[in-house]
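Spelled out from the first residue to the last, the chains are:
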Amino acid sequence: METLYSKTREEDIAKYVLFSGDPWRVETVASQLEDVKHIAFAREFNTYTGYYKGVRITVTSTGIGAPSAAIAMEEMYQCGMEVAVRMGTTMGLKDDLLGKLIIPTGSMREEATSKTYVPVSYPAVADIELINCMNKSTLQNNRQYVNGLSCTMDGFYSQMRDSRLSEKMQRDMSETFTALKKYNISAVDMESSCMLVLANLMGIKGCIVTMTTVLENLKDFLKGDARTQSEIDLCKIAMDGLVIYDKEVASK
């Protein structure tokens, strides 16, 4: 039976699924797959399945935010997903994180979607074996990583970035970052905690692999070739990490 929003079927989807917020980042992954098939591009969900270094992988997009990420997770799970990896960008809260990978052990649940599934006391944690594989892949691809904690929020222009409206309403974005730094949070995004909660509820393996492309309130960000290369490296690290997992963990 075809899924409601992503328009996918069980036979279309691999057990390993990469999730990208940006539908066009999916194209970067798809260009590196062999025997690749474009499954569908419906709403914000752009989906391909193919082979990377002999491992069958699906890549799909979630769009921005936890509500649509939850739909993507639900529909991939409906199609038989066993391993879920969010591959995206994140806003770093420490100046030395720009251009580094954040592969968090867990995420603070400040979004609302996961609260519709479970109480706030339920943890949003990643699978340690997947984390270790992604760490290894990061080093093999000549990047640095941090296994800190992240935080997931709903409001980009209300919590993370100044805008005309936030200035009109006299919102102080520094309050967000000051509070999170007290908890030793490394980075903030809009999907991770919800996806980790769902992976654990589903009983599947899940983790987050994010590239720090901006710092708090966009006070600095990757530009030009550095930004372009960061996207390429992010995709390769996530794919190589799944290959490592398949050979070193799943095959045991």
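Residues numbered from 1 in each chain as written. Predicted model: local features only at pLDDT ≥ 70, side-chain atom pairs only at ≥ 80, totals over all residues. Heavy atoms only, no water.

**With respect to the UniProt feature "domain: Nucleoside phosphorylase" (unreviewed entry) in the chain**
UniProt's feature table lists "domain: Nucleoside phosphorylase" (unreviewed entry) at residues 15-213, given in the numbering used throughout. In residues 15-213, helix accounts for 31% and strand for 34%; the two terminal C-alpha atoms are 29 Å from one another. (UniProt positions renumbered as here; feature names shortened; annotations may be inferred. Helix = DSSP H or I, 4+ residues; strand = E, 2+ residues; numbered from the N terminus.)

**As for unusual backbone geometry**
Positive phi, normally seen in glycine, also occurs at R43, with a value near 55°. Judged by its relative accessible area of 65%, R43 is exposed. Despite not being glycine, K53 shows a phi value in the positive range, around 50°. Assignment of secondary structure puts K53 in the loop between strand 3 (45-52) and strand 4 (55-61). (Buried < 20%, exposed > 50% of the residue type's maximum accessible area, 1.4 Å probe, protein only.)

**Points about the environment of R25**
Along the polypeptide, R25 turns up in helix 1 (residues 25-30). Taking relative accessible area as the criterion, R25 reaches 5% and is therefore assigned buried. Distance from R25 to T228, taken between C-alpha atoms, is 11 Å for residues 203 residues apart in sequence. Not counting residues up to four positions away in its chain, the partners in contact with R25 are S20, M87, G88, T89, E231, L234 and C235. (Contact = heavy atoms within 4.5 Å.)

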